[in-house]
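Descriptive analysis of the structure
Read off the chains here:
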Amino acid sequence: MAENREPRGAFEAELDPVEYTLRKRLPHHLPRRPSDIYVNMKTDFKAQLARCQKLLDGGARGQNSYSEICIHGLGLAINRAISIALQLQVGSFGSLQVAANTSTVELVDELDPETDTREPLTRIRNNSAIHIRAFRFAPK
Amino acid sequence: MENFRKVRSEEAPVGGGAEGGGPGSSPFADLAPGAVHMRVKEGSKIRNLLAFATASMAQPATRAIVFSGCGRATTKTVTCAEILKRRLAGLHQVTRLRYRSVREVWQSLPPGPTPGQKPGEPAASLSVLKNVPSLAILLSKDALDPCQPGYQPPNSHPGPSSQPTAPTSKRSLGEPATGEGSAKRLQPGPSAAEEERMA
């Protein structure tokens, strides 16, 4: 992560619309099933935790609960995703098991030159991502 | 907190170390007792960590390596593991999450050059107990038990456009994007059965 971030002098002075082209495409093989939660740093932690809990427990009358949910986190949200998963586990009194997988996601930065009529430059960065599966399982 | 400085901090697993891995031993003592343990801290430089890790794994005697970090070092831990996986293909991975409790002891700084108190006087100290999420990633050259929660088989680094093909005879290499692919299966049962056919 840190190795890719080297300022290239003149180009940095230009407008830098960061384009997460790969984020717009949700991780391949994984259409956004209702049991997927993508964690970010903007939404309140408690709100995201409550949403995950609701998915696991289902509605008020116990309908539509999911036996397994997948929590995804990218970059700084990895920490938050882990916190959410661990809090869910604590709150479930041991009936919830968590399994984590990690992966690398490529992010594309698009630099638009404002001063010149140069073409936009694209820079590719790598970021870490975590995918935590939480499922109801009796512990051995 | 600007009048305080941190004196020391101690780390221990929550619950007194009753989980897998007691205090002082590797968090994967049950899976790979001889693994090199890399403790990633917040200020660790990734270059230095990876230089040491690559050198250790270059020796055929080292079969496994563990990266562990907590709190702000969690993302760095994942990054180190991912970069190492990219450099050394064919590593099996198991990821474990747990809470660690960190006890930090802060001591108040002396008030200033004007001696308001004698230098020998004990400074006020503050003890902070924090529960931070932590991550431990085991990367092993030898195959691991796929039934372990958090197991991830080695992948062959597919591009973003690869498709989820049905498992072929080369099971361990044929599954692209293992992180997402394994999450697609709804039950942990069938995936374990599939992996065991290969193992």
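Being a predicted model, the structure only gives us computed values, none of them experimental. (Residues numbered from 1 in each chain as written. Chains lettered and ligands numbered in written order. Predicted model: local features only at pLDDT ≥ 70, side-chain atom pairs only at ≥ 80, totals over all residues. Heavy atoms only, no water.)

**Focus: the overall build of chain B**
To keep it simple, the criterion reads: Helical segments are the DSSP runs of H or I of at least four residues, strand segments are the runs of E of at least two, and each set is numbered from the N terminus. Each residue is placed in one exposure class: buried if its accessible area under a 1.4 Å probe, protein chains only, is under 20% of its type's maximum, exposed if it is over 50%, and partly exposed if it falls in between. Any two residues having at least one pair of non-hydrogen atoms within 4.5 Å are treated as being in contact.
A tally of helices and strands in chain B yields 5 helices and 6 strands. In chain B, the succession of α and β elements from N to C terminus is β-β-α-β-α-β-β-β-α-α-α. Taking all 199 residues of chain B together, the buried fraction comes to 44%. Summarising the internal contacts of chain B: among those between residues at least 6 apart in sequence, 78% fall at separations of at least 24.

**What about the nonpolar core?**
Applied cut-off: The definition of a nonpolar core used throughout is a set of buried Ala, Val, Leu, Ile, Met, Phe, Trp, Tyr and Cys residues joined through side-chain atoms within 4.5 Å.
In this structure, Ile71(A), Leu88(A), Ile130(A), Ile132(A), Phe67(B) and Leu97(B) are the most contacted members of the largest nonpolar core, which totals 43 residues. Among the elements that make up this core, the one with the highest residue count is helix 3 (residues 77-91) of chain A (8 residues). Setting aside chain neighbours within four positions, we find Leu88(A) in contact with Leu49(A), Cys52(A), Gln53(A), Leu56(A), Ile69(A), Ile71(A) and Leu96(A). Ranked by size, the runner-up nonpolar core spans 10 residues in total, among them Val94(B), Ala136(B), Leu138(B) and Tyr151(B).

**Examining helix 1 (residues 46-58) of chain B**
Residue and element names in this part refer to chain B. Stated precisely, the cut-off is as follows: An expected span of 1.5 Å times one less than the residue number is assigned to each helix. What the arc describes is the spread of directions from the helix axis to the C-beta atoms.
Helix length check: helix 1, at 13 residues, gives a terminal C-alpha distance of 18 Å against a target of 18 Å (1.5 Å per residue), a fit within 8%. Buried within helix 1 we find Ile46, Leu49, Leu50, Ala53, Ser56 and Met57. One side of helix 1 carries all its buried residues, which in axial view fall inside an arc of 130 degrees. In this structure, helix 1 carries Arg47, Asn48 and Ala58 as exposed residues pointing more than 90 degrees from its buried face. Packing partners of the buried residues in helix 1 comprise strand 2 (36-39), strand 3 (64-70), helix 2 (74-87) and strand 5 (125-140).

**Some remarks on the environment of Leu56(A)**
Residue and element names in this part refer to chain A. Along the chain, the position of Leu56 falls in helix 2 (residues 45-57). The spacing of Leu56 and Ser35 is 21 residues in sequence and 8.8 Å in space, taken between C-alpha atoms. Those residues in contact with Leu56, other than ones at most four positions away along the chain, are Ser65, Tyr66, Ile69, Leu88, Leu96, Ala134 and Arg136.

**Focus: the pairing of strand 4 (residues 96-111) of chain A**
Residues and elements named next belong to chain A. How we decide: For two strands to be treated as a pair, DSSP must find at least two bridges joining them.
Of all 16 residues making up strand 4, 12 are buried, and the element is well covered by its neighbours. Here strand 4 runs beside strand 5 (residues 121-136); their pairing, made up of 16 bridges, is antiparallel. The partner of Leu111 across the bridge, within strand 5, is Leu121.

**Side note on the packing of helix 2 of chain A against helix 3 of chain A**
When two helices pack together, their arrangement is given by the angle between their axes and by how far apart the axes lie. Residue and element names in this part refer to chain A. Going by this rule: Every axis in this analysis is a line fitted to C-alpha atoms, fitted for helices over the stretch in contact. Angles between the N-to-C directions lie between 0 and 180 degrees. To sort the angles, those under 35 degrees are grouped as roughly parallel, those over 145 as roughly antiparallel, those from 65 to 115 as roughly perpendicular, and the leftovers as oblique. By definition, turning the near helix anticlockwise from the far helix through less than a right angle yields a left-handed crossing, and turning it clockwise yields a right-handed one. All residues other than Ala, Val, Leu, Ile, Met, Phe, Trp, Tyr, Cys, Pro, Asp, Glu, Lys and Arg, Gly among them, are scored as polar; the first ten of these are nonpolar and the last four charged.
Direction vectors running N to C along helix 2 and helix 3 enclose 50 degrees, while the axes themselves pass 10 Å from each other. The angle between the axes of helix 2 and helix 3 places the two elements in the oblique class. By crossing handedness, the relation of helix 2 to helix 3 is classed as right-handed. On the side of helix 2, the interface is formed by Phe45, Gln48, Leu49, Cys52, Gln53 and Leu56, while helix 3 contributes Arg80, Ser83, Ile84, Gln87 and Leu88. Partitioning the contact of helix 2 with helix 3 into residue classes produces 6 nonpolar, 4 polar and 1 charged.

**Regarding the side chain of Thr74(B)**
Of note, Thr74(B) is situated in helix 2. Looking at Thr74(B), the relative accessible area reads 0%, which means it is buried. For Thr74(B), the residues in contact, after removing those within four places along its chain, are Asn79(A), Ile82(A), Pro133(B) and Leu135(B).

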